Amino acid sequence: MAKLLYSATMSADGFIAGPNGDMQWMRPYLGPNPELDELIPRIGSILVGRRSHDGDDPHKGEPGEGEAFGGGWEGPLFVVTHRLPKTPEPGVTYVDQLPKAIAAAKAAAGDKYVNVIGADIARQCIAAGELDEVLLIVAPVFLGDGTRVFAEEGGRTVRLRRRSATTNLWFDVLR
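Residues numbered from 1 in each chain as written. Predicted model: local features only at pLDDT ≥ 70, side-chain atom pairs only at ≥ 80, totals over all residues. Heavy atoms only, no water.

**Focus: the overall build of the chain**
To be explicit about the condition: Helix and strand definitions follow DSSP, with helices as H or I runs of at least four residues and strands as E runs of at least two, each counted in order from the N terminus. The reference for a compact globule is 2.2 Å times residues^0.38; the radius of gyration itself is calculated from the C-alpha atoms. For the exposure calls, accessible area comes from a 1.4 Å probe over protein chains only, and a residue counts as buried if that area is under 20% of its type's maximum, exposed if over 50%, partly exposed in between. Note on contacts: a residue pair qualifies if any of its non-hydrogen atoms lie within 4.5 Å across the two residues. Computed with the Shrake-Rupley method and a 1.4 Å probe, the accessible areas treat only the protein chains shown as cover for residues.
Secondary structure assignment for the chain yields 4 helices and 10 strands. Along the chain direction, N to C, the helices and strands of the chain fall in the order β-β-α-β-α-β-β-α-β-α-β-β-β-β. Relative to the globule expectation of 16 Å for 175 residues, the C-alpha radius of gyration of the chain, 15 Å, shows essentially globular dimensions. Based on the C-alpha atoms only, the size of the chain along its principal axes is roughly 40 × 40 × 35 Å. Looking at the 175 residues of the chain, the share that counts as buried comes to 41%. Sequence separation of 24 or more characterises 75% of the internal contacts of the chain that already satisfy a separation of 6 or more. Here the chain displays about 9600 Å² of accessible surface, and carbon together with sulfur accounts for 52% of that area.

As structure tokens, this is what we get:
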């Protein structure tokens, strides 16, 4: 059965995007990553928020622009949105309700991961009790502002259990 994995590259001060959704800060850190390279073939589908799907791309102007993991992954992509497009993008399924999107992404993933992309969708998956794992790739940079890897108005504690300690941080979500 598919598990939901929130994976994100974040700055050392906890931001996954810079001010105004800037993702260009990530370009110097897109080099080879053995743990991520091993993960990509284990992803069966992607669940992403509309803002992340439509937002800035760290691969802008390069081969792989607009593609998951810079073109390193292909498969079913589910975008959660309240603004369904008039002309859907080929290969992308737009869903207006998170539970329906999760069910569809899990069915498409089979026994592989549903990779969750976007801080707000990850937060919603946590609130729904659906998120299973978190993989944080920490880039050696401070951004000082932007989109936090996890933020909730008024705060919330989400307990994690460390799975591994490499240059990345990978956790199980404790319920």
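**Remarks on the environment of H53**
As for its placement among the helices and strands, H53 is situated in helix α2 (residues 50–54). Residue classification places H53 among the partly exposed positions, given a relative accessible area of 21%. Sequence spacing of H53 and E67 is 14 residues, and the spatial spacing of their C-alpha atoms is 9.8 Å. Look past the residues within four positions of H53 in its chain and what remains in contact with it is V48, L77, V79, E89, V92 and Y94.

**So, the pairing of strand β1 (residues 3–11)**
Using the following cut-off: The rule for pairing is simple: two strands pair if DSSP sees at least two bridges between them.
The element β1 is extensively covered by neighbouring structure, given that 8 of its 9 residues are classed as buried. As defined by bridge partners, β1 adjoins strand β6 (residues 113–117) across 4 bridges and the pair is classed as parallel. Each residue of the ladder has a partner; that of Y6, found in β6, is V116. In this structure, β1 lies alongside strand β7 (residues 133–139), joined through 7 bridges in parallel fashion. Residue pairing for β7: A8 is matched across the bridge by L136.

**Points about the packing of aromatic side chains**
The way to describe two aromatic rings as a pair is by their centre distance and the angle between their planes. So the rule is basically this: Note on aromatic pairs: the rings of Phe, Tyr and Trp (six-membered ring only in Trp) are paired at centre separations within 6.5 Å, and the planes decide the class, stacked below 30 degrees, edge-to-face beyond 60, tilted for the rest.
The tally for this structure, following the rule as stated, stands at 1 aromatic pair. Measuring from ring centre to ring centre gives 6.4 Å for W25 and Y29, while their planes differ by 45 degrees; the resulting arrangement is tilted.

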